[in-house]
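Single-letter residue listing:
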Amino acid sequence: MKILEIEKLNMVFTTRGLNSAERVHVLRDIDLEIEQGEIMALVGESGCGKTTLGKIITGLLDPTSGTIKFNGNDIASRNKKQKREYRKSVQFIQQDSYAALNPVKKIYSSLYTPIKANNRKLKRAQIDALIVKYLEMVGLTPASLFLEKFPHQLSGGQRQRVLIARVLSLEPKLIVADEPISMIDVSLRLSILQLLIELNQKLGLTIVYITHDLSTVKYVVGEGRMAVMYLGEIVEYGKVKDVILQPVHPYTQALISSVSIPDPVIERNKPMIRLKSMEIPDIRHRCEGCGFTDRCLYADDACAAWKLENTYTEEHIVRCKNVQAIPPYAVLGEEKHE
Amino acid sequence: MGQDFIASFRNMTIDYVMKKTSLRAVNDLSLDIHRGGITAFVGESGSGKTTAVSALLQGISSPGKIVEGKVIYYGDEGEVDVAALKGEALRRYRWEQVSMVFQASQSTLNPLMTIYDQFYETAYYHGAVRSKEAFNKRLEELFDMVKLDVNRVRKAYPHQMSGGMKQRVMIAFALLLEPKLVILDEPTTALDVITQKYIFNQLMEINKRLNVTFLLLTHDIGIVAKAADYVAVMYAGSIMEYADVYTLFGKKLHPYTRGLINSTPSIIRSASEISPIPGMPPDIRNLPEGCPFGPRCPSCSERCRAEKPQLKEYAPGHWIACHLYGGEEA
């Protein structure tokens, strides 16, 4: 069953300069379906719109156009009660755990407030029990050690766990995790990712994992699917093993070939992908057609004016006009190195 | 010595001395740095890599202090004891012999000066400006090396450039006075993947072409696999293993090295091939008596708990600090 269906979603921000208003088209015709209980990765470099899309999914931003269906219902036509329900069911884990927690509140009250706000009838003791339950669920044991702490007294990894506990306390169906590990110590990253995977497996939570770090995608998503974004578009979408091992879109190929592999023999012998330019163009000056035109080795004159559409196969979607002409790329060459 | 190596750490111990306690950030570190090539120091945050290497520039910030041992730089005029340099000699040594690209170096550029002025100032005070023409030519050369358009960059202020461009400016800056040794402290941490790879390709090319030595500090195993020739693995202020990159990754002898490599996610590894290192990162205020990695090590024995293993040459050019290797003698 599909928990979320996004169709033809567009987002335009209007910024005000000193004497002019500027329209920036940050998301273009996004189509995305998320199955109940899957972990899906949303991957892209800074400025590609992945966080904006995450905020739209969680209802923190309203899209300019397009439809979003949650459990089959269009969320634009929901009434106040449904809106509240949606806000509760879809939760967002922020990147910067320090900024996401009120610095003058103890962990206890950071967790108490959202539970109380959503369960008016619960007694204090019941809420306390819930807080302990969720803190222990995310590995903060014993919970009593953490209740009276302020955010600055915890490590980055612990704060991230508090954020996850807070989100879980609302019993969401879908969690959008925006770069949950980018600000914590390297050696603790894996354990936070493990926690997310565990929540998915134990509670059946659907998770959208937003990241710029491709190395972690396969670890988190496993056999699931991923979407690669570039300048406001999803340029490639499909099963992780297809997208990573046989990327088709020239941008995905360049991205995958740039990720370093922790093995000097493979890393130094893998094929390289060249680009015309290293700089990501300014999204304000992006052409109406394929946004990758300026940097793409295979681009022709018609690419910049191409009407964006999805091609390739049903399971592996690629947004490229010349998709048939792009030579294949495989990180490992022919065979898998052991 | 000075032929094969460019610098040596000799039993160097660095403490951060505070009123009540002192922290041992670097513990009895000895290593010879090969001339030419890229030597990587890899370790988690707090492993002491930046503190140790800063000693090469006399750059350990107070209250840090070298309490034992020394750093030697092999210059054209023989051995230099870096800690003994003073005044004008130190000023010239820094940047002319050894320079550094700092972590988040994008914020080390002066926001109120154009790139050209910043380069000119540095070159001028080091007496490296013979004529305007020669200097301009040098700028062109430098920016060409890092693939920046000199006409676009020279009159620009830092805020007019992207993060990747600023990072490349900083690399060019570090090369301005033709140093023999350049320290690169997490040079690409804040950058996007494609830019990151591109900058490293340029660095590797520069390294070969100019025959300058790079010391690369990083926590990223992937980058070590990509760029380094020699690798020193650091943990809690000590070197755990040192070898050339192929031996290190190929053999994975030291349990910490193995843990570090096996815990690194990669696009070609599935979840079952990745296992985290158990336990918590070390607290350098409270290190165990024996091997600092002992509490997290799967092969920890009685001896490891009692006695700290010394860094010993296990095979030519391959040094390990672990009781599992190196015979019986301590």
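1. Description of the domain arrangement of chain B
All names here are of chain B.
Here is step 1 of the chain: Each domain of chain B was delimited in the assignment, giving domain 1 (5–97 + 179–194 + 209–290) and domain 2 (105–178).
Here is step 2 of the chain: Taken together, the 13 residues of domain 1 in the interface contact 14 residues of domain 2.
Here is step 3 of the chain: Carbon and sulfur atoms make up 62% of the area that domain 1 and domain 2 hide from each other, which totals about 1,200 Å².
Here is step 4 of the chain: Considering only the surface of domain 1 that becomes buried against domain 2, Trp95, Pro179 and Leu191 emerge as the three largest contributors, covering 42% of it.
Here is step 5 of the chain: The interface formed by domain 1 and domain 2 contains zero salt bridges.
Here is step 6 of the chain: Between the two partners, domain 1 and domain 2, sit five residue pairs in polar contact (both at pLDDT 80 or more).
Here is step 7 of the chain: Where the side of domain 1 that touches domain 2 is concerned, the elements lending two or more residues are helix H2 (87–96) and helix H7 (193–210).
Here is step 8 of the chain: Among the elements that take part in the side of domain 1 that touches domain 2, H2 stands out by supplying five residues, more than any other.
Here is step 9 of the chain: When its residues are assigned to classes, the side of domain 1 that touches domain 2 shows seven nonpolar, no polar and six charged.

2. So, the interface of chain A and chain B
Here is step 1 of the chain: The interface is formed by 41 residues belonging to chain A together with 40 residues belonging to chain B.
Here is step 2 of the chain: The three residues of chain A that bury the most area against chain B are Pro262, Arg268 and Met278 of chain A, which together make up 20% of that side's buried surface.
Here is step 3 of the chain: Across the chain A-chain B interface, the total number found is one salt bridge.
Here is step 4 of the chain: The salt bridge involving Lys226 of chain B is made with Glu267 of chain A; its shortest N-O contact spans 3.8 Å.
Here is step 5 of the chain: It is helix H11 (residues 250–258) of chain A that contributes the most residues to the side of chain A that touches chain B, six residues altogether.
Here is step 6 of the chain: Across the side of chain A that touches chain B, the residue classes tally to 23 nonpolar, nine polar and nine charged.

What counts and how
Residues numbered from 1 in each chain as written. Chains lettered and ligands numbered in written order. Predicted model: local features only at pLDDT ≥ 70, side-chain atom pairs only at ≥ 80, totals over all residues. Heavy atoms only, no water. Domains from an automatic or database assignment. Contact = heavy atoms within 4.5 Å. Buried area = accessible area lost by both parts, 1.4 Å probe. Salt bridge = Lys/Arg side-chain N within 4 Å of Asp/Glu carboxyl O. Polar contact = N/O pair within 3.5 Å; in protein donor to acceptor, adjacent residues only side chain to side chain. Helix = DSSP H or I, 4+ residues; strand = E, 2+ residues; numbered from the N terminus. Nonpolar A, V, L, I, M, F, W, Y, C, P; charged D, E, K, R; others polar.

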